[in-house]
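# Descriptive structure summary
One-letter residues, chain by chain:
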Amino acid sequence: MQLPISLSLLALVQLVPQVAAWGAAGHEIVADIAQMHLFPSAREALCSVLPDYAKCQLGPVAAWADKIKYRNRWSSELHYVNGIGDHPGNHCVFGEEGWMGKPGINLLGGIRNTTDWMKDGKPGAEEALKFFVHFLGDMHMPLHLTGRAKGGNGISVKWNRRTVKFHGVWDGMLIAKEIRETPYKYENPLPNPQVESALRGAIYDPYIRQIIWEGVLNEWADEVQEWTQCPSSFEDVPNFYPEYAGSEFRTQPGQIPLNALRASSPKVPPTDDATVCPFTWGQPIHALNCEIVWPRELNSDNPPHIELDTPEYSGKLKKQKIVMKLLAMGGVRMAAVLNEIFADPEEVAALQMGRVLDLKVWM
Ligand SMILES: *[C@@H]1O[C@H](CO)[C@@H](O)[C@H](O)[C@H]1NC(C)=O
């Protein structure tokens, strides 16, 4: 039967395998890693905030914000932040000269806003949570922190000889490759029940097990609680957010006043406090753009379409576990913030673990 063109096109589009985007697999992996680091009381409290279809888990809502981005235009600017003057890999500038766009309307502001929204327990907590889970993921994708060529969307490269957007390599292809190449042994469950109960039968479950087993429980075990820390003083950091100087970030009536920390230290960036510090956390992620993310060949104004699935690029990133570590950091930090807002303080005090559940302790 001859299908009308529009219909057959539609069928074709549906057949093309969905490239796993940071918008899907990456975001869900980060959320699943967060789920296993939640304290039991936070896990329970989040159940009543999450929509029913999520079945008390963060993973199913992680990609929601990308799906509604085109209907809700206002939210699309919250998925990235672009420092003025930033041009990786030649030179990386993260806010020293201010930010593009409207003050506070960017990824850092979105994380600040949704955190406060959940904390204040205002109506709309479900929406705020869904945005928050997504934004924490975006923040751990280095190209969401730079405006050069729209975060690499305007630059073509090659991946397995196919021409693709540079941004797409980071959104999906690097992760898809690592998922495909996960050692077979990670098909088997880990001995940690809190890890296994957070997994949802996804194609990337083995990859998450690898991240946890090799990274979180071994290579990075001593750093994990450090990832969650926000500095208590910003004295050493020069001149943030010049356009905010003297202005208050949150000025709407009914919103909580600047916290004591920020009041005592005028240089504290308006997005950062002791609960969540997207600027502080974002700085070293943004710096990766100059260190390893933008290949030297892309430094010129008219870069050639270079192949990136090579030992020198994708191979090096994999060897250094760059992508794995970003996904892990995103998950751990997400859990830290949610624990602080939703966990029972008595339980937190009794556990004596820091801001996230220690996966070495089985419970
Ligand atoms: C802050 O978050 C809430 C909850 O998701 C949202 O409705 C609101 O539009 C956000 N405001 C800004 C300025 O991002």
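Residues numbered from 1 in each chain as written. Predicted model: local features only at pLDDT ≥ 70, side-chain atom pairs only at ≥ 80, totals over all residues. Heavy atoms only, no water.

To continue, consider the site of the ligand. Lining the immediate surroundings of the ligand are Trp-74, Leu-78, Ile-105, Asn-113, Trp-117, Glu-127, Ala-128 and Phe-131. Measuring from an oxygen atom of the ligand, one finds a side-chain N or O atom of Asn-113 at 2.4 Å. Glu-127 places a polar side-chain atom, nitrogen or oxygen, 2.9 Å from an oxygen atom of the ligand. Out of a free accessible area of 360 Å², the ligand has 72% covered by protein chains. Counting residues per element, the ones that place at least two in the shell around the ligand are helix 5 (107-119) and helix 6 (125-139). Sort the elements by how many residues they give to the shell around the ligand and helix 6 lands first, with 3 residues. For the shell around the ligand, the class distribution of residues is 6 nonpolar, 1 polar and 1 charged. (Near = heavy atom within 4 Å. Polar contact = N/O pair within 3.5 Å; in protein donor to acceptor, adjacent residues only side chain to side chain. Areas by Shrake-Rupley, 256 points an atom, 1.4 Å probe, with all protein chains shown as cover. Helix = DSSP H or I, 4+ residues; strand = E, 2+ residues; numbered from the N terminus. Nonpolar A, V, L, I, M, F, W, Y, C, P; charged D, E, K, R; others polar.)

The subject of this paragraph is the state of the cysteines. Counted by the stated rule, this structure contains 3 disulfides. A sulfur-sulfur distance of 1.9 Å marks the disulfide that ties Cys-47 to Cys-56. Residues Cys-47 and Cys-56 are joined through a disulfide that is right-handed, its torsion about the S-S bond being 125°. For Cys-47, a relative accessible area of 29% translates into the label partly exposed. Disulfide partner of Cys-230: Cys-277, at an S-S distance of 2.2 Å. Here the S-S torsion is close to -90°, and the disulfide linking Cys-230 with Cys-277 is therefore left-handed. In this pair, Cys-230 is assigned in the loop between helix 11 (224-227) and helix 12 (260-264) and Cys-277 in the loop between helix 12 and helix 13 (278-293), connecting sequence segments 47 residues apart. (Disulfide = S-S within 2.5 Å. Buried < 20%, exposed > 50% of the residue type's maximum accessible area, 1.4 Å probe, protein only.)

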